[in-house]
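Each chain is listed here by its residues.
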Amino acid sequence: MKNILIIGATGQIGSELTMKLRGIYGGGNVVAGYIKGTEPKGELAESGPSALVDITDPVQIADAVKKHNIDTIYNLAALLSAVAEARPQLAFKIGVGGVYNVLEVARENGCAVFTPSSIGSFGEETPHNPTPQDTIQRPKTIYGVTKVTGELLSDYYARRFGVDTRSVRFPGLISYVTPPGGGTTDYAVDIYYAAVQGRTFKCPIKAGTFMDMMYMPDALRAAIEIMEADPSRLKHRNSFNIASMSFDPEIIYNKIKEYKPEFVMEYEPDPLRQAIADSWPDRLDDSCARAEWDWKPEYDLDAMTRDMLEKLELKFAPKLELH
Ligand code: AKB
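Criteria and cut-off values
Residues numbered from 1 in each chain as written. Predicted model: local features only at pLDDT ≥ 70, side-chain atom pairs only at ≥ 80, totals over all residues. Heavy atoms only, no water. Salt bridge = Lys/Arg side-chain N within 4 Å of Asp/Glu carboxyl O. Buried < 20%, exposed > 50% of the residue type's maximum accessible area, 1.4 Å probe, protein only. Pairing = 2+ DSSP bridges. Helix = DSSP H or I, 4+ residues; strand = E, 2+ residues; numbered from the N terminus. Expected span 1.5 Å × (residues − 1). Near = heavy atom within 4 Å. Polar contact = N/O pair within 3.5 Å; in protein donor to acceptor, adjacent residues only side chain to side chain. Areas by Shrake-Rupley, 256 points an atom, 1.4 Å probe, with all protein chains shown as cover. Nonpolar A, V, L, I, M, F, W, Y, C, P; charged D, E, K, R; others polar.

Take the pattern of salt bridges next. Tallied over the entire structure, the rule returns 18 salt bridges. Here R107 and E108 are joined by a salt bridge, their closest N and O atoms 3.8 Å apart. E108 sits in the exposed class, given a relative accessible area of 54%. Of the charged contacts, one joins R306 and D302 as a salt bridge, the two residues approaching to 3.2 Å between their closest N and O atoms.

Next comes the structure, spelled out in structure tokens:
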């Protein structure tokens, strides 16, 4: 990877991945692609170039690729699962039409492409514990449909046109930097904010509902390591199961209580999110990622919780007024 374009650079993953890639490959070599109304600000705006890149517009993608001599595209544009159910047509336009646009530009300009898939690419018929690398993928959400389509299209472009496409299936991602929006796993982010802000947390997911989760530093490393992996070792491409922890609301609540004994959580299930969560795996088997490109997570629930609480305490600490 020499010149990289991030599509969706101001989103939950993009804002952190852009900074991390700039730290490795140089600020000037990583272009932050954004859509109108989400212009990069602060460090993200100052540390490297940016470009208006709406994934639904193939001309904008091609212009940015040519102007910046791009060889690798990270496509992070997506509507998350719950919000996609409210806007299925837009979810399709971004998650299927957008992936096609990126792959076509990549084919014409010789770029490698990373498009993340998700635990949302599985459905009720999938074995849930553990979920194998190669198994039934019949999701019932539009989010899942777009993710499976993205996997298939990406493999097709690799086989048919030699486009270097690679991907991982992300679990729910947890971070203190940029909040997610509209996901089913977002409760596992919101719970930390409530704990630090001293609020009672209303949990939209029922006790006993297990899902894979991952701390953002591990997710960013996975996205970079898969693109740097030796292609001769890859038997799979789109997309690899990756995993680091699986828990239900009770487990994360009790873990936070170890550090904040006064914290209170109550259940207020959201039927849409609960139905989606019930259809997703409890725990992915990531042995193929471990064998084919040495994937290994660094954070478990305890290490993540200590770091999240520490970083959020700093974020919400009262600022000193200097006169
Ligand atoms: C969501 O909940 O929609 C996402 C995901 C697991 O893909 N965080």
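What follows concerns the sheet that holds strand β3 (residues 50–52). Here six strands make up an open sheet; going across it, the order is β3-β2-β1-β4-β5-β7 and the pairing parallel. Each edge of the open sheet is held by one strand with a lone partner, namely β3 and β7 (165–166). In this structure, strand β5 (residues 112–114) lies alongside β7, joined through two bridges in parallel fashion. In the sheet register, V113 faces β7, and the bridge partner there is T165.

This brings us to helix α8 (residues 216–228). With 13 residues, α8 ought to run about 18 Å at 1.5 Å a step, and its terminal C-alpha atoms sit 18 Å apart, in line with that. Most of α8 sits out of view: ten of its 13 residues are buried. Those residues of α8 lying buried are M216, D218, A219, L220, R221, A222, A223, I224, I226 and M227.

To continue, consider the site of the ligand. Contacts to the ligand come from L80, S81, S118, I119, Y143, G183, T184, T185 and W280. In the model, an oxygen atom of the ligand is placed 2.6 Å from a nitrogen or oxygen of the Y143 side chain. T184 is positioned such that a nitrogen or oxygen atom in its backbone is 2.6 Å from an oxygen atom of the ligand. Burial of the ligand by the protein chains amounts to 94% of its free accessible area of 250 Å². Its residues assigned to classes, the shell around the ligand comprises four nonpolar, five polar and no charged.

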